[in-house]
Amino acid sequence: MQLSIGSTSVLPSGRIFMLTLIHFDFCPFCQRVRLALGYKGIVFNEQPARFYGPEHFQSISGFDRLPVVEYPDGSRQGESLEIIAELDRRFPETPPLCRGAISDKEWEGVQAWRARISDMLFRLIAPTLPQYASLGQDPRAMTYYRNRMESWLGDTLEGLQERRKEWYAAMEADLQDVAARVAVHGFYTPMFSVADTLITGDLTGLRLLEDIQLPPELTTYFARVEAAAQTTLLPTRG
């Protein structure tokens, strides 16, 4: 149970957290932090943002990209993985996500895997993210998003969508590797860790693909991670 008072939250223990997450609901990097906060049980306020570009991001957060967390002392921090590491440091009474939850070698392996699939992953998920109303139903946000994605990825969103099976085939073996691992451990390791926030946050857009069925082990894993974090990442259907 938690009680909200203005911009603060009061727990039954009497502790007050004033942590604020400035984020986009569709952003994989923001979703990592949402999963981390949910798993740790850290009370936080949400400040949803619009995808209007760096000047707008700066005006609401002081950073040119999101997520950004504002801590109880008023300091702010960007970069999702740095935020998650800092949450471990600032809230040591909560379950760890970095040290104590995953070894350095395992974490290096996750990061290498993620780097390997990066190009194909964004070609796959870029056309799916407008399914989130905060992006797809906001013309100004969609204009900026389309221009940015198409300039970066070298194709239209429609063109990327048409080639989804080609992009998926290029990374299917890497997805099967993770699917086999989580089928054994439950999470990436036997404990929920920063790896699970990265994998689930980054791959959630794949769950929105048309005509492509993910390995069932991954589907089960995503549900398990969301349950552990008490967080739902998929867009709300009207």
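Our subject in this report is the structure included herewith. All chains use their own residue numbering, which begins from 1 and follows the written sequence. With the structure being a predicted model, the display of local features is reserved for residues of pLDDT at least 70 and the display and counting of side-chain atom pairs for 80 or more, all residues being used for whole-chain, interface and lining totals. Only hydrogens and water are set aside when side-chain values are computed; all heavy atoms of the structure are taken into account.

## Here's the deal with the overall build of the protein
Numbered from the N terminus, helices here are DSSP runs of H or I no shorter than four residues, and strands are runs of E no shorter than two. Along the backbone of the protein there are 10 helices and 7 strands. Radius of gyration (C-alpha) of the protein: 18 Å, near the 18 Å computed for a compact globule of 238 residues. The principal-axis extent of the C-alpha atoms belonging to the protein is close to 55 × 45 × 30 Å. Burial classes: relative accessible area under 20% of the type maximum marks a residue as buried, over 50% as exposed, and values in between as partly exposed (1.4 Å probe, protein chains only). Here the protein, with 238 residues, has 51% of them falling under the buried criterion. By definition, residues are in contact when any of their heavy atoms lie within 4.5 Å. Of the contacts formed within the protein by residues at least 6 apart in sequence, a portion of 67% connects residues at least 24 apart. All accessible-area figures derive from a Shrake-Rupley calculation using a 1.4 Å probe, and residue coverage is judged against the displayed protein chains alone. Only carbon and sulfur atoms are counted for the fraction: they give 51% of the accessible area of the protein, which is about 11400 Å². Asp and Glu count as negative and Lys and Arg as positive, but His and the ends of the chain are not part of the count. By convention, the charge on Lys lies at NZ, on Arg at CZ, on Asp at CG and on Glu at CD. Of the charged side chains in the protein, 24 are positive and 30 negative; the average position of the first set lies 2 Å away from that of the second. For the radius of gyration, the atom set is restricted to C-alpha positions; the globular benchmark scales as 2.2 Å times the number of residues to the power 0.38.

## Here's the deal with the sheet that holds strand β7 (residues 76-78)
Overall, mixed pairing links the 4 strands, which are arranged β5-β4-β6-β7 in an open sheet. The two strands at the open ends of the sheet, each matched to only one other strand, are β5 (44-48) and β7. Going across the sheet, the axis of each strand differs from the next one's by a mean of 20°, ignoring polarity. Think of it this way: DSSP has to see at least two bridges between two strands before they count as a pair. Note that strand β6 (residues 68-70) and β7 share 3 bridges and pair antiparallel. Bridge pairing links Val68 to Gly78 in β7. Between the N-to-C directions of two axes lies an angle of 0 to 180 degrees, each axis being a line fitted to C-alpha atoms and, for a helix, fitted only over the stretch in contact. Running over the sheet, helix α1 (residues 28-40) touches β4 (19-23), β5 and β6 and is turned about 155° from β4.

## Observations concerning the layout of surface pockets
Taken as a whole, the largest pocket encloses approximately 680 Å³ of empty space. Points on a 1 Å grid, built from protein atoms alone, make a cavity when a 1.4 Å probe fits but cannot get out and make a pocket when they are open with protein on both sides within 12 Å along at least 5 of 7 lines; residues with an atom within 4 Å of a point are the lining residues. Lining the largest pocket we find 29 residues, and of these Cys27, Phe29, Arg65, Leu66 and Arg148 sit closest to its centre. Looking at the lining of the largest pocket, the elements that each hand over two or more residues are α1, α3 (80-90), α4 (104-125) and α6 (139-153). By residue number, the principal contributor to the lining of the largest pocket is α4, which donates 5 residues. Here the nonpolar group is Ala, Val, Leu, Ile, Met, Phe, Trp, Tyr, Cys and Pro; Asp, Glu, Lys and Arg are the charged ones; every other residue, Gly included, is treated as polar. For the lining of the largest pocket, the per-class residue count stands at 20 nonpolar, 3 polar and 6 charged. Grid points are joined across faces, edges and corners, and a volume is the space filled by probe spheres set on the points.

## Considering the nonpolar core
Residues belong to one nonpolar core when they are buried, are Ala, Val, Leu, Ile, Met, Phe, Trp, Tyr or Cys, and are joined through side-chain atoms within 4.5 Å. Core analysis: the largest hydrophobic core is formed by 71 residues, its most contacted members being Phe24, Leu87, Tyr145, Ile199, Leu203 and Leu206. Per-element tally for this core: the top contributor is α4, with 8 residues. With residues near it in sequence (within four places) discarded, Phe24 still touches Cys30, Ala49, Arg50, Phe51, Phe57 and Leu66.

## Describing the pairing of β4
Where burial is concerned, most of β4 is hidden: 5 out of the 5 residues are buried. Side chains of β4 alternate between two faces, with Leu19, Leu21 and His23 and Thr20 and Ile22 buried alike. Bridge count between β4 and β5: 5 bridges; the pairing is parallel. The partner of Thr20 across the bridge, within β5, is Asn45. The parallel pair β4 and β5, bridged by α1, forms a crossover whose chirality is right-handed. Here is how to tell: hold the view so the strands point away, follow the path from the first strand over the helix to the second, and if it runs clockwise the crossover is right-handed.

## A short note on unusual backbone geometry
In this chain, Leu66 is followed by Pro67 through a cis amide linkage whose omega measures 15°. Tracing the sequence through the fold places Pro67 in the loop between α2 (54-61) and β6. The backbone of Asp211 sits at a positive phi, close to 65°, despite the residue not being glycine. Relative to the helices and strands, Asp211 resides in the loop between α9 (194-203) and α10 (216-229). One non-glycine residue with positive phi stands out, namely Gln230, at about 50°. As for its placement among the helices and strands, Gln230 is situated in the segment after α10.

Read these as layout, nothing more, since geometry by itself doesn't imply function.
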